[in-house]
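Chain residues, written in single-letter form:
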Amino acid sequence: IKNVRKQIQLNECDRIQQEICEDFEIGEILIGIKKYQVVIDFNRRNYEKVLLNISEYPELKRLGHGVVYAYAQSLYKAFRASLRKSDAGNDPPHHYLEEAE
């Protein structure tokens, strides 16, 4: 029974790792098509998924750095895009930078 539980746990960890990697790739696509708010929400959810599961699956720690980087990158790119729009009189959303920190 212990071996079965361990195998189920390993399969679950593998599934979560695969899901995080797939989400990372989807986030890259969303950045490429400039869907900034969608990618911010998507990367935030991916980050929260890592936080929720890291205590049970410490192996996820190595993916955590990439997920944090992707999340911060999406916030930064959204801020940069809003700066270009601010030339037309709109104020850039500085909360993106605060959240990235």
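Residues numbered from 1 in each chain as written. Predicted model: local features only at pLDDT ≥ 70, side-chain atom pairs only at ≥ 80, totals over all residues. Heavy atoms only, no water.

Novice: Mind showing me how you'd approach the nonpolar core here?
Specialist: What tends to happen in soluble globular proteins is that the nonpolar side chains get buried as a cluster. If you look at the biggest cluster of nonpolar residues, it comprises eight residues: Cys-13, Ile-16, Ile-20, Val-50, Tyr-57, Leu-60, Leu-63 and Val-67. Of all elements in the fold, only helix H1 (2-32) and helix H3 (61-86) reach the threshold of two or more residues within this core. Of all the elements, H1 adds the most residues to this core, at three residues. Sequence-distant contacts of Cys-13, that is, excluding residues within four places in its chain, are made with Tyr-57 and Glu-59. Within the second largest apolar cluster, six residues are counted, among which are Tyr-36, Tyr-71, Leu-75 and Ala-81. (Core = buried A, V, L, I, M, F, W, Y, C linked by side-chain atoms within 4.5 Å. Buried < 20%, exposed > 50% of the residue type's maximum accessible area, 1.4 Å probe, protein only. Helix = DSSP H or I, 4+ residues; strand = E, 2+ residues; numbered from the N terminus. Contact = heavy atoms within 4.5 Å.)

Novice: So what exactly am I meant to see when it comes to unusual backbone geometry here?
Specialist: Trans is the prevailing form of peptide bonds, just as negative phi is the prevailing case for residues other than glycine. Of note in the backbone geometry, Lys-34 takes a positive phi value of approximately 60° without being a glycine. You can see Lys-34 is positioned in the loop between H1 and helix H2 (36-53).

Novice: Even after reading the chapter, I still don't get the environment of Ile-31, so can you show me in this structure?
Specialist: If you trace the backbone, Ile-31 turns up in helix H1. On the accessibility criterion, Ile-31 (10% relative accessible area) is buried. A sequence separation of 46 residues divides Ile-31 from Lys-77, and the C-alpha atoms of the two residues are 8.0 Å apart. Ignoring any residue separated from it by four or fewer positions in sequence, one finds Ile-31 in contact with Tyr-36, Val-39, Gln-73, Ser-74 and Lys-77.

Novice: Please clarify how the confidence of the model for the chain should be interpreted in this entry.
Specialist: Caution applies to low-pLDDT regions: their predicted coordinates should not be interpreted in detail. Looking at the chain, the pLDDT average stands at 78 and 74% of residues meet or exceed 70. Looking over the chain, one finds the lowest element-wise mean pLDDT in helix H4 (residues 95-100), namely 60, and the highest in H2, namely 88. (pLDDT = per-residue confidence, 0-100.)

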